[in-house]
Amino acid sequence: MSWKPWAGVFTQATDPRVEGFTESVSFDRRLFAQDIRGSIAHAQMLAKVGLLTQQECQQMEQALLEIEDEIRSGRFVFRTELEDIHMHIERALIDRLGDVGRKLHTARSRNDQVATAMRLWVREAIDHIDALLRQVQEAFVGRCERDGQVILPGYTHLRRAQPVLAAHYWLAYCEKFQRDRDRLADCRRRVNVLPLGSAALAGASLPIDRHDVARRLGFVDPQTGQAQVSANSLDAVSDRDFLLEFVFDLSLIAEHLSTWAEEWILWSSEEFAFLKLPEAFCTGSSIMPQKRNPDVLELIRGKTARVIGDLQTLLVLVKALPLAYNRDLQEDKPPVFDAVDTVQACLEMAIPLIIQTELNAQTIAERLDRGYLDATSLMEYLIRRGLPQRTAHERVGRLVRRAMELGLPLASLRLEQMQEVCPEVDQGVFQVLGAERAVSAVQSYGSTAPAEVRRQIESWKHRLEAEKGPPSRT
Ligand code: ARG
C-alpha cells in the first residue's frame, strides 16, 4: 500500500484513478523552492520555541536543501500517489531522516503551507513582472530621444484628429504601465502577509511563534519593519483574493499590451506605413512570397484573451466556496501560472520590438497635411480673437468644407478665401496652421506642447534613474 499521511484511519487503499484525478504535483512542482523555504523557516521557529532540538533543526535544514538541489537538477522522482509537491518534499525528508523528518509537519497543515508557498511565489512573480514593466518604460523613454520629435497624426475613433509628438505617444504607454506597476505594488502589500501557523483552519495548541516565521520569510512591512501575520486562521487558509487581484493586474497589463500591439499592427501596415518592424520579429507566408507578417504583435494581442480567461477561471473558482479550505482551491494554480507565463512572455517580446522598430519619419511627414489635423488649432485661434467656441467651431467647419471642395489643406488657402467664410481671420492665422505650428501652439499642462513633452521625458528619465537604487523590499 502506498504511503499516505492519513493511513491511520483508512482501511482501504486509494483507487489509482483517484490518485490520477486528485494529483497536483504535475503543476505545483513549480512551488518547490518556496515550499522548502517555508519549511526551513518553520523548522527554525519550531527549534526556537523548543518543539525541535537545534540538532534536529539543522538536520532538517540540510536535508531540505539537498532535496531542493535534487529537484533543481532533475534527479528527483515524482510519483502521482504523493499527490502534491508538499507531500513529495515531506516524504523525501522522512526517507532521509526518519522520525526527525516526521516532526516537520508539527503545528502545520497543507492548507496554510500551500497558501504560504503561493504567497512567496506570487511575491517573486510580482517583482519579476515589475522589472520587465520598467524595461518597457525604459524602451519607450529611449525612443523619445531617437524619434520623439517626429510629428504624428493623433487619432480618435481611428480618424485623424490632432497632431502630436511621437514622444507624447511613447510616454502615454509609460503612464499606463506605471499604473500597472503601482497596482502590482499595492497588491504586493496584501500578498506579503504570512498565513503559516493558521494550521488546518483553527490554529494550533502548540506554542508556535508566527511572527518569527514571518520575519524569516520576509513577510515584513518595508516601512515599519513589522512582521505581517494573518489575523484570522479561517480567513487565512481560504483567502485567495491576492491571486485574483494579481491576475486582474496581469489582465490589465495584457490589455495595455494589446492596445499597443494593435496600434503597431495597423501602423506597420501598407496603408499606414508609419513603422518598419524588425524582420527578426516578423514571419513570412508559406504561399504569398511578398508577405512580412506582424505575428509577434498579433500573438501579444491574442494572448490577452488567455490572461482574461485565467482571471475568469479564478473568479468562478472561488465563487460561493464555504469557509475554510476546500479542495477546489487546488485549481487556483494553473491559471495563475499561465497568466504569469503569458504576460512575462509578452513583455519579453515587447521590449526588443519597442527598441528595434523604426519610424518612417519621411512617409509620415509627407502625409501630415491630410485630414485637417490643424482644424482645432484654427478654432482655438478664433477663440483667442474673441469668437464664442460654438461660433468658432462652426466657422472652421465651413472653412474645412471649403478646403475639401478645393482639395487643399487649410494652410494652402489664401487669406481672402478664408475671410470669405470667416471675416475674423487675419494674417496671424498662418502661425497656427500646418501640423508643426499646431503642435507648437499647444501649451496646456500634460499636453503635446514641445516644452511639456520635454518636461515629461525629463521626469521619466529621472524617475527610472532614481529606481536604480538597491531594491531591498523583501
Ligand atoms: N494540493 C493542495 C492544494 O494545492 C494542497 C492542500 C491540500 N489540503 C488538503 N486538506 N487536502 O490546494
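Here, every reference points to the structure presented above.
These lines cover the structure that appears in this document, whether it is placed above or below. Just so we're clear, the structure is a prediction, and the values are computed from it rather than from any experiment.

Lining the immediate environment of the ligand, one finds Ser24, Asp84, Arg110, Asn111, Val114, Tyr325, Gln330 and Lys333. Ser24 has a polar side-chain atom sitting 3.3 Å from a nitrogen atom of the ligand. The contact in question runs from an oxygen atom of the ligand to an N or O atom on the side chain of Tyr325, over 2.5 Å. Contact with the protein chains covers 86% of the free accessible surface of the ligand, which is 340 Å². In terms of residue count, the dominant contributor to the shell around the ligand is helix H6 (residues 110–147) (three residues).

Relative to strand S2 (residues 159–165), strand S1 (residues 151–156) runs antiparallel, the two sharing six bridges. Bridge pairing links Leu152 to Val164 in S2. Between S1 and S2, which pair antiparallel in sequence order, lie two residues; one of them, His157, sits at a positive phi of approximately 55°.

On to the packing of aromatic side chains. In the structure shown here, the tally under the stated rule is 11 aromatic pairs. Taking the centre distance of 5.2 Å and the plane angle of 50° together, the rings of Trp260 and Trp264 count as tilted. In this pair, Trp260 and Trp264 are both assigned in helix H10 (residues 241–267), four residues apart and thus about one turn of the helix distant. Each of the two residues, Trp260 as well as Trp264, counts as buried. Judged by centre distance (5.3 Å) and plane angle (90°), the rings of Phe272 and Phe274 are edge-to-face. The exposure classification of Phe272 matches that of Phe274, with both residues buried. Connected via pairs of aromatic rings, a cluster forms that spans Phe140, Trp170, Tyr173, Trp260 and Trp264.

Rules used throughout
- Residues numbered from 1 in each chain as written.
- Predicted model: local features only at pLDDT ≥ 70, side-chain atom pairs only at ≥ 80, totals over all residues.
- Heavy atoms only, no water.
- Near = heavy atom within 4 Å.
- Polar contact = N/O pair within 3.5 Å; in protein donor to acceptor, adjacent residues only side chain to side chain.
- Areas by Shrake-Rupley, 256 points an atom, 1.4 Å probe, with all protein chains shown as cover.
- Helix = DSSP H or I, 4+ residues; strand = E, 2+ residues; numbered from the N terminus.
- Pairing = 2+ DSSP bridges.
- Phe/Tyr/Trp six-rings, centres within 6.5 Å; stacked < 30°, edge-to-face > 60°.
- Buried < 20%, exposed > 50% of the residue type's maximum accessible area, 1.4 Å probe, protein only.

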